[in-house]
Amino acid sequence: MATTVLRPAATYRTGLYEWLTTTDHKKIGILYTFNSLILFLIGGLFALAVRTELAQPGLQFMNEATYNQMFTMHATVMIFWVVIPFLAGFGNYLVPLMIGAPDMAFPRINALSFWLLPLSALIALMGFPLGGAAAAGWTSYSPLAQSAFSKGPGTDLWIVALTLVGTSSILGAVNFLVTIFKMRAPGMTLFRMPVFVWTIMVTSVLVLMGTPVLTSALIMLYIDRNFGGSFFNTALAGGNAILWENVFWFYSHPAVYIMILPAMGIVSEVLPTFSRKPLFGYKAFVFATAGIGALGFSVWAHHMFTTGSVYLPFFSLMTFLIAVPTGVKMFNWIATLFRGKLRFTTAMLFAVGFLSLFLIGGINGAFLAAVPVDYHVHATYFIVAHIHYVLFGGSIMGVFAGLYYWWPKMFGRMLNERLGKIHFVGIFIGMNLTFFPMHLLGLSGMPRRIADYSPTAGWNDLNLLATIGGFTIAVAMLPFLWNILVTFRGGEPAGDDPWEANTLEWATSSPPPPYNFDHLPPIRSERPVFDQRHAADAPAITAGH
Amino acid sequence: MGLTAKRWARRAGMIAALGALAMVLSACTDFNVRTAMPPDAASVQGQATRNLYDIVFVIGAAIFLVVEGLILFAVLRYRRRKGDDELPPQIHGNNRLEIVWTAIPIALVLALFVLSWQTLNTVDAHTPTPTVRIGVVAFQWQWQFVYAPDGVNWQDCGAAANKGKCVTVVGTLPAGGDRANWTPPTMHVPVNETVELQMHSIDVIHSFYVPAFLYQRDITPRRDQVIQFTADEVGIYRGQCTQFCGLYHQFMEFQVQVEPRADYVAWLQQQLTPPPSPSPAPAASAGAPAGLPGASPAARASVSLALTAQGVAYDTTDLAAPANTPFQIVFTNNDAGIPHNVSIHVGSPTGQEVFKGEIFSGTDSRTYAVPALPAGTYAFVCSVHPNMTGTLTVK
Amino acid sequence: MAASSSALTPHVAAIGESRAHGQRGISNPILGMILFIVSEVMFFSGLFAAYFNVRLNATQWPPLVNEAPFAPFQIHHDIVLPAILTTILVLSSVTMQLGVSAIRRGDRTGFLRNTGITLILGLTFLVGQIYDYTQLGFGITDTAFGSTFYTMTGFHGAHVLGGAIMLSVVLYRGMAGQFSAKHHDAVEATSIYWHFVDVVWIALFSTLYLL
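Residue numbers here run from 1 along each chain, matching the order of that chain's written sequence. To read the labels, note that chains go from A and ligands from 1, taken in the order they are written. Reporting of local features is limited, given that this is a predicted model, to residues whose pLDDT is at least 70; pairs of side-chain atoms are given and counted only at 80 or more, and all residues count toward the totals for whole chains, interfaces and linings. Excluding hydrogens and water, the side-chain values take into account all heavy atoms of the structure.

## A short note on the overall build of chain A
The test is simple: By the criteria applied, helices consist of DSSP H or I runs no shorter than four residues and strands consist of E runs no shorter than two, each listed in order from the N terminus. Only protein chains enter the accessibility calculation, which uses a 1.4 Å probe. A residue is then buried if its area is under 20% of the maximum for its type, exposed if over 50%, and partly exposed in between. Note on contacts: a residue pair qualifies if any of its non-hydrogen atoms lie within 4.5 Å across the two residues. Only the protein chains shown count as covering a residue, and every accessible area follows the Shrake-Rupley method with a 1.4 Å probe.
Within chain A, the secondary structure is distributed over 16 helices and zero strands. Projected onto its principal axes, the C-alpha coordinates of chain A cover approximately 70 × 50 × 45 Å. Relative to its full complement of 545 residues, chain A shows a buried share of 73%. A fraction of 81% describes how many contacts in chain A between residues 6 or more apart in sequence connect residues 24 or more apart. On chain A, roughly 15300 Å² of surface is accessible, and the fraction owed to carbon and sulfur atoms is 70%.

Now the structure itself:
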C-alpha cells in the first residue's frame, strides 16, 4: 500500500545547512554511513601500505617508524571509525522506523554523537603531520605506550580521539536503549521487534557497560604520559603493565561483539526477505544474542593467555562456551534458507557470504580457546587471519549486505545489481586470497606487527599472495563506488517496498518523510508488512504470534 | 534467470580455482602449504600441543565441511525457479531442533575444554630439578642469554667476583638492516634435558617464541617469567619476539641450537676460554696505502675521544681522529642494563667493519683501543642499536 | 488515502512530550539519566579496579618513598576534614531529596529552598576538597598512591562540578517557573545524578581513607 508523502513546509531547512544541523535520525544515519565509508577507504589505504611493504622480504617502500604507524592506524581507524559507526549508522536509520517511532528518544544528543566522529578522526589522523601518528599498535600496551618509549604527540592525540569516540558511543547507547524501551508503536511488543533491533539493544548494553572502562584506561594512560602518573609505568614504583592489558581488554573484547551483533542482525533481516520465509527460530536468536552479550564480558583475558598472569581454565572455558550461542545462530540462519525460495540479489549474496566467511572466523576462534594452541599462534598471523575473517568476512560483509538492502529505502533509488554482483565476487575472492594464507603463515611462526621478515623463513610466497588479495579487495571496491555515483540520480526509483520485505521500514515511502510514517499497518507479528501484503491470502500463511 | 545459473557456475569455479591455486602453490613454495599444520614439534611439550592441535583441527575441519556443505546445498537446492511466485512453507522454527543444536555443541566444547586443560597441564608443568638454567634478558631490540655455573646466580654474572665464570650471548642487529650476512644470537641447549629459562625484560613487554616448540611466553617488566622445555630433536630452531616492542621489533630474532650434551659442554668451554686479542684492522685489503706503520708499544695512543650512550642514543654524532695513528675511545654507557658498544665501519654503517668494541651493559664504561685507520670518512654505530650512529672523520 | 495532518496517528502527534500517548512508567529523560549513570558507574569501576590491582600487587601499602615510610601517605590519620566533607555531601543528598518531594507536591518554594541549599552544600564540598588537596603533602606523581588518589578523587570532583552546574540550571529554571508537580523531569534526573555522585563519594572515602 503506497504512502502519500506530506509536503514539507516552505521554511523547511535544506541543503548543506540542513545536513550540518539536522537532528533527523535518518539523515544522521546517512551521515554515519558516509563518514564510515570515507574512513573505510582511508583505513584501507593504510592496509595497502602494510601489504605492499610485506609483499617481499626487505624494506622497499618505508622505514619501520612509518610501518608501525600504518598498522596501528589501520586497526584503530577500522575499529572505531568504520565498523562500529557503520553499524551505529544502520541502527540510527532503522531502529525508529522498525519500531514505528517518529525519531530517536534524544535527537539532539544523536546529532552530537555523530559529529564527535569526524572530529575525533581528524584528531587521531593529525598525528601524521605532527611528528608521527600513534605507533604502538591499536592495543597500545604499556610500557611501550609510555612517554619514554612513544615520544611525540601521536599517542596523546590517539588517546583524546578515542575518548571522544567513546563518548559518542555511550551517548548513542543511551539513545538506542531509551528509544527501544519507550517508543515502540502500539502492538510492537519486545518479541515482535525485528531481530536487528534486538541486536542493537544488546550491543547498546555492551557499549554502555564496556566503553566507560576503556575511557578510564585511556585517561590513566594519559595521566601516565603527561602528568607523571604510575598506573602502567613499570619504570616507576607501583606501575603495572598487566593492569593496562586487563582494563583495555575488558572493553575491547565486548567491542568485538559490538562489532558483530548488529551485522548478525542485518543478516537476520536480509536472509528471510530473500528466502521468502520467516527467520527460523526468532526466540532462539534473541536468547542467543543476549547470551553472547553476557558471555562476552567474561572472556577478556583470553587475549592475555601468554602473559603468565591469568587464570587460564576459566577464560578458556568461557571462550569455548561462547561458541555455542554463535553456533545456534548459524544453524538457525541455514534453517531459514532451507526449503525457501532463494533470490540472489547482491544483498543476499553478501548475507550468504557472511555465513561462509564468519563460519571460518568462528572455527579458527575455537582453536584459540584451547590455551596450548594459543601458546603457539598468539600474536602471529593466525590471529590476523582470525580477526579479519570475523571482522571483514563477518562485519563488513554484513555492512555491505545492509547497504545493498537498505540503500533503496534511504535514497529512493535502486543500486545496479550487475555492478553489485561484480563487487561481491571481487570482495569474496579478494578476502579469501588475502586472509586464508595468513592461517598458514601464523602456524609456521610468522609474528604480526613486523615491518619485514627473514627471507629464509619460508614466508615469501604466501605474503605475496596476501598482497595480491589485498589489491583485489581494493579494486573490487571500485564497482561499488561507481554504482553509488551512477545510480544517485539515474537509478531506478525504488518505491516503498522493492524487495517484498517484512518489517515496518518498508511500510513507508523511499525515502521516508521526515516524520517517518503516514500511518502504520497493524502490528500483530514480527512481520507486519508481510502480514499486510498477504492479508487477503489464506490466514494459515500469516500465523501471528 | 540465466543470471542465476551463471552465479552458481561462478561460485563453483571460484572454489575450484582457490583449490587449484592452493595446490599449485604447495608445489612451488618453500613452505608446505598443503598441511596447514604447525611445524613438527621439537620439544616434548610442543608434541603435546601438536597432538591437541591435530584433534582440534580434525573437529574444526569436520564442522567446516558439514556447515559449509549445508550452506552450499541450501544455496543450490533452494534457489527460486524462474517465474515461481508461490510462497514456500512459512516455518517459524522447531524447538526440538534448537535443543539438539544447542546440546551437541555444548557437549563438544566441554570435551574440547577438558582435553585442552589436560594438555595445558602437561605443557606448563614444571619440574623442580631442571638440569640447565639460562637467564634470558629481553631488551629493545635483541636478546641476551646468560649461562651461570652452579652456585652462581645468573643475575650476579656482571659482578667482579664472577668475572670469567659466566657465558653471555648478546644479540646484535644486522648492520644497516641487511639480514643477508647476519646470524641471530644462538641459545645452545642439550637435547633431552629439561631446560629452565628465567626471563627478564628491562624495558617493554617482549615475548619469547620458538615455533618449533609451539610455545611462547610474554616477558613483562617487573614480572619475570620462568618457563621450562625439554627439546627432543637435535637441530637449530628459529625464534622471535612476538609482542610488539617498538621500532626494530622485526629484528628481535634468535635461534635455539639443540645438540648432544657433549657438544653443548664443548661450546660452553669454548666460550669460557678468553678470546685472542683483536687483530689490527685489515687496512691493506681496504685499499689503504701500503706500508702502514704498526703501533709500537712505545707509541701509546695519545688521542682520546669521549663518547657517551644515553637514552639509546650517542651524545654526539661527530667525532674526529688523526689518520694513521691508534687512538682511544673512552665510551661511557649510561643506560642501566642496556647493552651498547661502538663499532666503526668504512663510509657508512653498512660498510666494512674495521673495529668492534666489546658490548657491555650500563652503567659502566670501557676504554677502547682503536687501531690506526687511514684517512677517510667512517661511520660509528652501535652493534645492538642500528639507530645509534654518527660520523667519524679521520684525517 | 488523503494526505492531511489530521491523518497522523496520535503517537506521532505526541512527539516532544515525554509522557506520550499510552506511555507508562518513567519518562524518557529520566530513563536516559539512569542509563547514563550506569555508564558512569562502569567508568568509576575501571578506576577502582586499577586502584585495587595496584594496591594488591604492591609489596607495601602505602608504598615506601626512598626506602622509608612517607608521612603524607598516612591519610587515614587525618580524616577529620574528609569526614566533615562526607557529612556535607550526604546532607546535600537529603536536601536534594527534600527538594524533589517538594516539587512533586507542587511546593515551589520548598523546592527552590532545598535545591539552593543542596547547591551551596555541593560547592562547599568542592572548596573543602580543593583545600584538602593543598594540605595533603603529596602529588599525582608520588608513586601509584598519588596517581590513584588524585585521579579518583579528581574525577569525582569533576562530577560534583557537573552536578553543581545541573543544580544551577535547575534552580534557574525553577525560579523562572518552569517546573510543576506534573512536569519536573529535569529535577528528578538531576536528583538521581546527585545521589549517584554521593554514593561514589562514600565508596571513594571508604576505599581511599578507611581501608
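## Focus: the sheet that holds strand E2 (residues 142–147) of chain B
All names here are of chain B. Rules: Strands are treated as partners if at least two bridges between them are detected by DSSP. Between N-to-C directions, angles cover 0 to 180 degrees, with each direction set by a line fitted to C-alpha atoms, over the stretch in contact for helices.
Taken together, five strands build an open sheet; the order of strands is E3-E2-E1-E5-E8 and the sheet is mixed. In the strand order of this sheet, the two ends are held by strand E3 (167–170) and strand E8 (225–230), each with one partner. Each adjacent strand pair in this sheet contributes to an overall mean axis angle of 20 degrees, direction not counted. Two elements, strand E1 (residues 132–139) and E2, share six bridges in a ladder whose sense is antiparallel. From the neighbouring strand, glycine 135 faces E2, where its bridge partner is valine 146.

## Brief notes about the interface of chain B and chain A
For interface size, the figure often reported is the accessible area lost on association. Quick reminder of the rule: Buried area is a sum: the accessible area each of two parts loses on coming together, probed at 1.4 Å, counted once for each and added. Whenever Lys or Arg places a side-chain nitrogen within 4 Å of a carboxyl oxygen from Asp or Glu, that contact is recorded as a salt bridge. Pairing of N or O atoms within 3.5 Å defines a polar contact, subject to two protein rules: one partner must be a possible hydrogen donor and the other a possible acceptor, and residues neighboring in sequence count only if both atoms are side-chain atoms. Residues are sorted three ways: Asp, Glu, Lys and Arg are charged, Ala, Val, Leu, Ile, Met, Phe, Trp, Tyr, Cys and Pro are nonpolar, and all the rest, Gly among them, are polar.
Taken together, the contacts link 94 residues of chain B with 110 residues of chain A. Of the roughly 8700 Å² buried where chain B meets chain A, counting both sides, 70% is carbon and sulfur surface. Taken as a group, B:Tyr78, B:His92 and B:Phe244 account for 9% of the area that chain B buries against chain A, more than any other trio of residues on that side. For A:Lys341, the salt bridge is made with B:Asp84, and the minimal N-O distance between the two is 2.9 Å. Linking chain B to chain A there are 21 residue pairs in polar contact (both at pLDDT 80 or more). The residue makeup of the side of chain B that touches chain A, split by class, is 54 nonpolar, 20 polar and 20 charged.

## Comments concerning the pairing of strand E20 (residues 389–394) of chain B
Residues and elements named next belong to chain B. Here E20 shows one buried face, formed by Gly390, Leu392 and Val394, and one open face, formed by Thr389, Thr391 and Thr393. Where strand E12 (residues 318–321) lies against E20, four bridges are found, and the strand directions are parallel. Counterpart to aspartate 318 in the pairing with E20 is threonine 391. Taken together, the six bridges between strand E19 (residues 376–381) and E20 define a ladder with antiparallel strand orientation. Residue pairing across strands places valine 381 opposite threonine 389, the latter belonging to E20.

## Details of a nonpolar patch on the surface
Residue and element names in this part refer to chain C. Counted only if it meets this: Residues qualify for a patch when their relative accessible area is over 30% and they have no salt bridge, like charges being joined within 9 Å and the nonpolar side chains of Val, Leu, Ile, Met, Phe, Trp and Tyr within 5 Å.
A cluster of nonpolar side chains, contributed by Val90, Val94, Leu98 and Ile202, occupies part of the molecular surface with about 300 Å² of accessible area. No other element matches helix H3 (residues 80–104), which puts three residues into the nonpolar patch. In this fold, leucine 98 is placed in helix H3.

## A short note on the interface of chain C and chain A
On the side of chain A, 39 residues touch chain C, which itself brings 36 residues to the contact. Taking both partners together, chain C and chain A bury about 3100 Å²; carbon and sulfur atoms supply 74% of that area. The tally of links between chain C and chain A comes to zero salt bridges. Taken together, the links from chain C to chain A amount to five residue pairs in polar contact (both at pLDDT 80 or more). Listed by contribution, the elements that provide at least two residues to the side of chain C that touches chain A are helix H2 (28–57) and helix H5 (143–175) of chain C. Partitioning the side of chain C that touches chain A into residue classes produces 20 nonpolar, 15 polar and one charged.

## Topic: the packing of helix H7 (residues 241–275) of chain A against helix H13 (residues 381–411) of chain A
Residues and elements named next belong to chain A. Cut-off, in case you're wondering: With respect to orientation, any angle under 35 degrees is reported as roughly parallel, any angle over 145 as roughly antiparallel, any angle of 65 to 115 as roughly perpendicular, and every other angle as oblique. In a left-handed crossing the near helix is turned counterclockwise from the far helix by less than a right angle, and in a right-handed crossing that turn is clockwise.
For the pair H7 and H13, interaxial distance at closest approach is 8 Å and the crossing angle is 50 degrees. Classified by the angle their axes make, H7 and H13 are oblique. Seen from above, H7 lies across H13 with left-handed handedness. Contacts between H7 and H13 pair Met259, Ile260, Ala263, Ile266, Glu269, Val270, Thr273 and Phe274 from the former with Val390, Leu391, Gly394, Ser395, Gly398, Ala401, Gly402, Tyr405 and Trp406 from the latter. Among the residues making up the contact of H7 with H13, the classes are represented as 11 nonpolar, five polar and one charged.

## Some points on the environment of A:Tyr389
Residue and element names in this part refer to chain A. Positionally, tyrosine 389 belongs in helix H13. The spacing of tyrosine 389 and leucine 87 is 302 residues in sequence and 17 Å in space, taken between C-alpha atoms. Not counting residues up to four positions away in its chain, the partners in contact with tyrosine 389 are Leu357, Phe358, Ile360, Gly361, Asn364, Gly394, Met431, Asn432, Phe435, Phe436 and His439.

## So, the state of the cysteines
Residues and elements named next belong to chain B. Note the cut-off: A pair of cysteine sulfur atoms is labelled a disulfide when the two atoms are within 2.5 Å.
Applying the stated criterion to the full structure yields one disulfide over all chains. Each sulfur in the disulfide pair cysteine 157 and cysteine 166 lies 1.9 Å from the other. The disulfide joining cysteine 157 to cysteine 166 has a torsion of about -80 degrees about its S-S bond and is therefore left-handed. On the basis of relative accessibility, which here comes to 15%, the residue cysteine 157 falls in the buried class. Using a relative accessible area of 15% as the deciding quantity, one classes cysteine 166 as buried. Between cysteine 241, a cysteine without a disulfide, and cysteine 245, which holds the nearest cysteine sulfur, the sulfur-to-sulfur distance is 3.9 Å. Judged by its relative accessible area of 0%, cysteine 241 is buried. In this structure cysteine 245 comes out as buried when scored by relative accessible area, which is 0%.

## Some thoughts on the nonpolar core
Stated precisely, the cut-off is as follows: Residues enter a nonpolar core if they are buried and are Ala, Val, Leu, Ile, Met, Phe, Trp, Tyr or Cys, with the set joined through side-chain atoms within 4.5 Å.
A:Trp81, B:Phe208 and B:Leu392 are the most contacted members of the largest nonpolar core, which has 352 residues in total. With 23 residues, the single largest contributor to this core is helix H3 (residues 64–99) of chain A.

## Structural notes on unusual backbone geometry
A:Pro511 follows A:Ser510 through a cis peptide bond whose omega is -5 degrees. Note the cis peptide between C:Trp61 and C:Pro62, where omega equals 0 degrees. Along the polypeptide, C:Pro62 turns up in the loop between H2 and H3. Residues other than glycine seldom take positive phi values, yet A:Arg276 does so here, at roughly 60 degrees. Despite not being glycine, C:Asn66 shows a phi value in the positive range, around 50 degrees. Position of C:Asn66 relative to the elements: it lies in the loop between H2 and H3.

## Some words on the sheet that holds strand E11 (residues 304–309) of chain B
Residue and element names in this part refer to chain B. Strand order across the open sheet formed by three strands is E11-E13-E18, with mixed pairing between neighbours. Where the open sheet ends on each side, the last strands, each with one partner, are E11 and strand E18 (364–370). Geometrically, the sheet is characterised by an average inter-axis angle of 20 degrees between neighbouring strands, direction not taken into account. When strand E13 (residues 327–333) meets E18, the two strands line up antiparallel, connected through seven bridges. Considered in E18, the bridge of phenylalanine 331 is made with arginine 366.

## Regarding the side chain of B:Thr119
Here B:Thr119 lies in helix H3 (residues 95–123). According to the relative accessible area criterion, B:Thr119 is buried, its value standing at 11%. Apart from the residues within four sequence positions on either side, B:Thr119 is in contact with A:Pro372, B:Ala48, B:Thr49 and B:Leu52.

## Some words on the confidence of the model for chain C
All names here are of chain C. Cut-off, in case you're wondering: Looking at any residue, its pLDDT shows the predictor's confidence there, from 0 to 100.
For chain C, the average pLDDT comes to 89, and 89% of its residues sit at 70 or higher. The model gives residues 1–20 a pLDDT under 50, and that stretch makes 26 contacts with residues more than four places away or in other chains. Here the predicted complex carries an ipTM of 0.93, next to a pTM of 0.89.

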